[in-house]
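# Descriptive structure summary
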Amino acid sequence: MTQPIFEDRKNQIHVKGGAEPFDMACNRDSLAGAVSQRACVFCGSRVVLYPIADALHLVHGPIGCAAYTWDIRGAVSSGPELHRLSFSTDLRENDVVFGGEQKLYRALCELIDRHEPKAAFVYSTCIVGIIGDDMEAVCRRVEKEKGVPVIPVQSEGFKGNKREGYDAACKAMIRLAGTAPIDDISPLSINLLGDFNLAGEIWVIRDYFERMGVQTVANVTGDGRVGDIRRSHGAALNVVQCSGATLPFARMMEEEYGIPYIRVSYFGIEDMSEALYDVARFFAEKDPGIMERTKKVVSEEIRAIMPRIKELRKDLEGKKAAIYVGGAFKAFSLVKTFRHLGMQTAIVGSQTGTREDYAELEAITDPGTIIVDDSNPLELQAFIKEKDVDIFVGGVKERPIAYKLGVGFCDHNHERKECLEGFVGMVNFAEEVHRTVMSPVWRFVPRRTAGKKASLESNNIDSACSLGAPEECMKEGAI
Ligand code: SF4
């Protein structure tokens, strides 16, 4: 039985098949004092726009905001790397009293002269929202003087949650779309939305589409380029990954340019295949051969990875996983992927899921699974102990929770350095899960003490010693 730790949050937690009917609340302001795992509005906008590699990203605010989001996505670029530099106007007490507009103007002029970016994004933080600097006016002035798009991102941290940051980022990006020629774009063309090119993942996905005969016009925003986004309105279809980050951009493109969108996921065998088939179905009338080419890509890729997946599954069968990620779409794929590996999802949650997302999670998980919205460390810790999971999949803020509890951890977020998308990503993920779950180190953590003691006393001492366990570990009470 899962008891809520904070009474106010009880309808943001649901146990599948439990006594309560499904009626989850979501997209609420985080409970004050509960130390949410969720990021602020500014962070939400920054993670979406940051991978645009030839743009200048200037944080208008105190240095702490810039430090919080610096390099938060390990978004790789195939060319310019301006996005890897973190710029801030470093607002101080004086600026709070007298305003920071002059400082912003000077910083923008200096940075544009020095780095010659293709565009500049200026992010508003909490303090800018409080002192009321007119960022729009400063950006307009600099844009006129320097001749490059200078776009304010209205992302004051306090004005909502991370999801509103996505909206702010998309509103900024749509100002670029529709501003460059589109004559040479193929009728079989897409924009890739919601992929941030962690560990080069977008290159893997673009390759699949190329083999299908589909042109990618703009990466929004992994390995992104201002010039591509400016002509993104020429694509025939927007392919949106993940549940939240770039969906507002797709909706705006639909409204303004009539470009339809589909939602996909590139994680796991089923979702990756389905993403390719969805695109093939969309273009089937224009190009009847596309379905055959897609089948070929999918079958070649699956044939290459299945032997290894089957091998890893033998050890992983019956193990339990906890998932806490930013977007719920990623959570859907992870639940299915763990099932492929013979594992069960015991806990699943997200920072920004919608009611529909949680209903979908309710439908695809097993009875007893805890589903949670906008969680916090206390809850996650209690759920992990209750379910006694073998691995926790999350991001940078979840890692210490897992390790402190003596649970294996897999980074499936901005900071990871491993490609987890596509068919190749499925093997990488399975190998990482296997390495982590099967590590002998977990036998020596307090969480496993009871079971461990029993097994050591029976027959396991030799094998533990052969794994290099220190003498102290074997003493009574030390584990
Ligand atoms: S909540 Fe405000 S002060 Fe904190 S990082 Fe976000 S914008 Fe900066």
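Residues numbered from 1 in each chain as written. Predicted model: local features only at pLDDT ≥ 70, side-chain atom pairs only at ≥ 80, totals over all residues. Heavy atoms only, no water.

Using the following cut-off: UniProt positions are given in the numbering used here, feature names are shortened, and annotations may be inferred rather than shown by experiment.
As annotated in an unreviewed UniProt entry, the protein chain carries the name Nitrogenase iron-molybdenum cofactor biosynthesis protein NifE and is attributed to Oceanidesulfovibrio indonesiensis. You can read under Sequence similarities (unreviewed entry) in the UniProt record for the protein chain the words "Belongs to the NifD/NifK/NifE/NifN family."

### Thoughts on the overall build of the protein chain
What counts is decided by this rule: Secondary structure is summarised from DSSP: a helix means a run of H or I of at least four residues, a strand means a run of E of at least two, and numbering begins at the N terminus for each. Per-residue and other accessible areas follow the Shrake-Rupley method at a 1.4 Å probe size, with only the shown protein chains counted as cover for residues. Residues counted as positive are Lys and Arg, residues counted as negative are Asp and Glu, and His and the chain ends are not counted. Charge positions come from single atoms, namely NZ of Lys, CZ of Arg, CG of Asp or CD of Glu.
Assigned secondary structure in the protein chain consists of 19 helices and 14 strands. Of the roughly 19800 Å² of accessible surface on the protein chain, a fraction of 52% belongs to carbon and sulfur atoms. Once the 59 positive and 69 negative side-chain charges of the protein chain are each reduced to a mean point, those two points are 2 Å apart.

### A word on the site of the ligand
Our working definition: Being near a molecule or strand, for a residue, means having at least one of its heavy atoms within 4 Å of it. Residue classes follow a fixed rule: Ala, Val, Leu, Ile, Met, Phe, Trp, Tyr, Cys and Pro count as nonpolar, while Asp, Glu, Lys and Arg count as charged, and any other residue, Gly among them, counts as polar.
Taken together, Cys40, Phe42, Cys65, Tyr68, Thr125, Cys126 and Gly157 are the residues near the ligand. The class makeup of the residues in the shell around the ligand is 5 nonpolar, 2 polar and no charged.

### Side note on the sheet that holds strand 2 (residues 55-60)
Going by this rule: Two strands qualify as a pair provided that DSSP identifies no fewer than 2 bridges between them. Should any heavy atoms of two residues lie within 4.5 Å, those residues are considered in contact. Each axis is a line fitted through C-alpha atoms, and for a helix only the stretch in contact is used; angles between axes span 0 to 180 degrees, taken between their N-to-C directions.
The strand order 3-2-4-5 describes an open sheet built from 4 strands, whose pairing is parallel. Edge positions in the sheet fall to strand 3 (87-88) and strand 5 (150-153), since each has one partner strand and no second. Sheet analysis places strand 2 next to strand 4 (residues 119-124), joined by 6 bridges and oriented parallel. Within strand 4, the position partnered with Val59 by the bridge is Tyr123. Strands in contact with helix 1 (residues 41-49) are strand 2, strand 4 and strand 5; relative to strand 4, the strand with the most contacts, it is inclined by about 165°. Of the strands in this sheet, strand 4 and strand 5 are in contact with helix 7 (residues 162-174), which crosses strand 5 at around 160°.

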